[in-house]
Amino acid sequence: MSLELMDVVWVSLWLFTLLNVVAVAALSLVWLERKLLGRMQGRVGPTRVGPFGLLQPIADGIKLLMKEDIAPGSSSRVLFFVAPLLVFVPSYMVWITIPFGRDLFVRNLDLGLFFFVALSVLGIVGLVLAGWSSNSKYAILGGFRSAAQLVSYEIPIIMTILVVAMLAGSLSFRDVVLAQDVVPYAAVQPLAFGVFLLAGLAEVGRTPFDIYHAESEVVGGPFVEYSGAHWAIFFLAEYINTFMVGALGALLFLGGWRWPVGDVPAAAGVALFLFKTYAIVAVIFWVRATYPRMRIDQLMSFGWKVLIPLSFAAFVVTAFQMFYGWPIWMLTLLSLVILVPPIYIQLRWQRTPAMALAKHYAEIAVAVHAQPRPVPVAAVTEAHAAPGTEDDA
């Protein structure tokens, strides 16, 4: 067997293994989300299928595969069935260059960060195509919303990735992790870390940024006409992207498999990396259980007026620190100085009036008290008219 054929077989084996690993990770997030939301909302979550409900995601997948897969009669069938793949394939292909450990990856690309950015934006095409090919007003509206939202929030993500690349001096994921042996970039550049988490939350369409498929507004958005296996592909891609945001946060800002323990055995490094990834994912689920959905105008204003300026500020501050050779603690200080004003404005000028209004409504609300059910008059009359034992005697 030639060397080229062996290389193809080896890469194919790695891709097949990676597909299974990513799919299992997505299914684990389905179970984890239900358990965490159940705990936060006073429920128990999945318990019936398998021990601790661990097989519930598999049961859901089998149910979706057994459902009838239909398409609207007026839709463009070829594009309608291709659109889910255009969403899923980019979310899977980016994992080719994402490492789980020092030597655990399919390909260690020197331009790994660039490869990720180039592929991740292609999922927008699938969402827009899904809405347009459905020939439904709600689906088209959801597709337009997805394009506006995802394009807007790609900018702060790209800027924060540039900040990390500047600090590490490389576009390779492995070099970025190795550069965080002493201090993670979340401590060096907390502004970029916060912007990345918020923008990543919007990129995967999780609450409170689930605008383009909001059930109460556009009845499911670009997915409204899908069912069965094709809807399951969209569902799987969403959880793969959620896991990807957690993995990127662990690699770019939390030191991946090295910080704070340094060089450890491969198994321990993978476990540390997965722990950080699932911790970020748990925060994403926590946000979903806490905050309501934003309006479309609030979402776009938050992206263009808050996150994008903050991402550019993080880029400029990092450039100044590197150009003038300031100490690294100066970059952390400047990031915190820039981050404090928007947090204060949110808590003091925006959140406080809303909380006061909610308190006012709670005070003037009509209290409802349970009253004993009145006994009907006819029943009372019949009870008195019924003959007793003494009268009969």
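Preceding this section is the structure that the text describes.
How each quantity is defined
Residues numbered from 1 in each chain as written. Predicted model: local features only at pLDDT ≥ 70, side-chain atom pairs only at ≥ 80, totals over all residues. Heavy atoms only, no water. Buried < 20%, exposed > 50% of the residue type's maximum accessible area, 1.4 Å probe, protein only. Helix = DSSP H or I, 4+ residues; strand = E, 2+ residues; numbered from the N terminus. Contact = heavy atoms within 4.5 Å. Core = buried A, V, L, I, M, F, W, Y, C linked by side-chain atoms within 4.5 Å. 1 Å grid on protein atoms, 1.4 Å probe; cavity = no way out; pocket = protein on both sides within 12 Å on 5 of 7 lines; lining within 4 Å. Points joined across faces, edges and corners; volume = space filled by probe spheres on them. Nonpolar A, V, L, I, M, F, W, Y, C, P; charged D, E, K, R; others polar. Polar contact = N/O pair within 3.5 Å; in protein donor to acceptor, adjacent residues only side chain to side chain.

Enquirer: Outline helix 4 (residues 112-120), supporting the account with residue identities and numerical values.
Expert: Three or more residues of helix 4 are buried, namely Gly112, Leu113, Phe116, Val117 and Leu119. Of the surrounding secondary structure, the elements contacted by the buried residues of helix 4 are helix 3 (77-93), helix 5 (123-133), helix 6 (137-168), helix 7 (173-178) and helix 11 (228-253).

Enquirer: Which residues make up the nonpolar core, and what values go with them?
Expert: With 83 residues, the main nonpolar core has Trp95, Phe116, Phe173, Leu252 and Phe253 as its most contacted residues. Considering each element in turn, this core owes the most residues, 13 residues, to helix 11. In this structure, Trp95 is in contact with Leu18, Val22, Phe100, Ile240, Phe243, Met244 and Ala247, ignoring residues within four places of it in sequence.

Enquirer: Lay out empty space enclosed by the protein in plain terms, naming residues and giving numbers.
Expert: Taken as a whole and judged by the stated rule, the model has one cavity of 30 Å³ or more. Considered as a void within the structure, the largest cavity measures approximately 390 Å³ in volume. Considering the residues around the largest cavity, the lining is formed by 26 residues, among which Ser120, Glu203, Val204, Asn241 and Met244 are closest to the centre. Residue assignment for the lining of the largest cavity shows that the elements contributing at least two residues are helix 3, helix 4, helix 5, helix 6, helix 9 (190-203) and helix 11. Per-element accounting of the lining of the largest cavity gives the leading share, seven residues, to helix 11. When the residues that make up the lining of the largest cavity are grouped by side-chain class, the tally is 17 nonpolar, six polar and three charged.

Enquirer: Give a detailed account of the side chain of Thr207, specifying residues and quantitative values.
Expert: Here Thr207 shows up in the loop between helix 9 and helix 10 (215-218). A polar contact of 3.5 Å, which involves the side chain of Thr207, links it to the side chain of Asp210. Discounting residues that sit within four places of it in the chain, Thr207 has contacts with Leu201, Val287, Arg288, Tyr291, Pro292 and Arg293.

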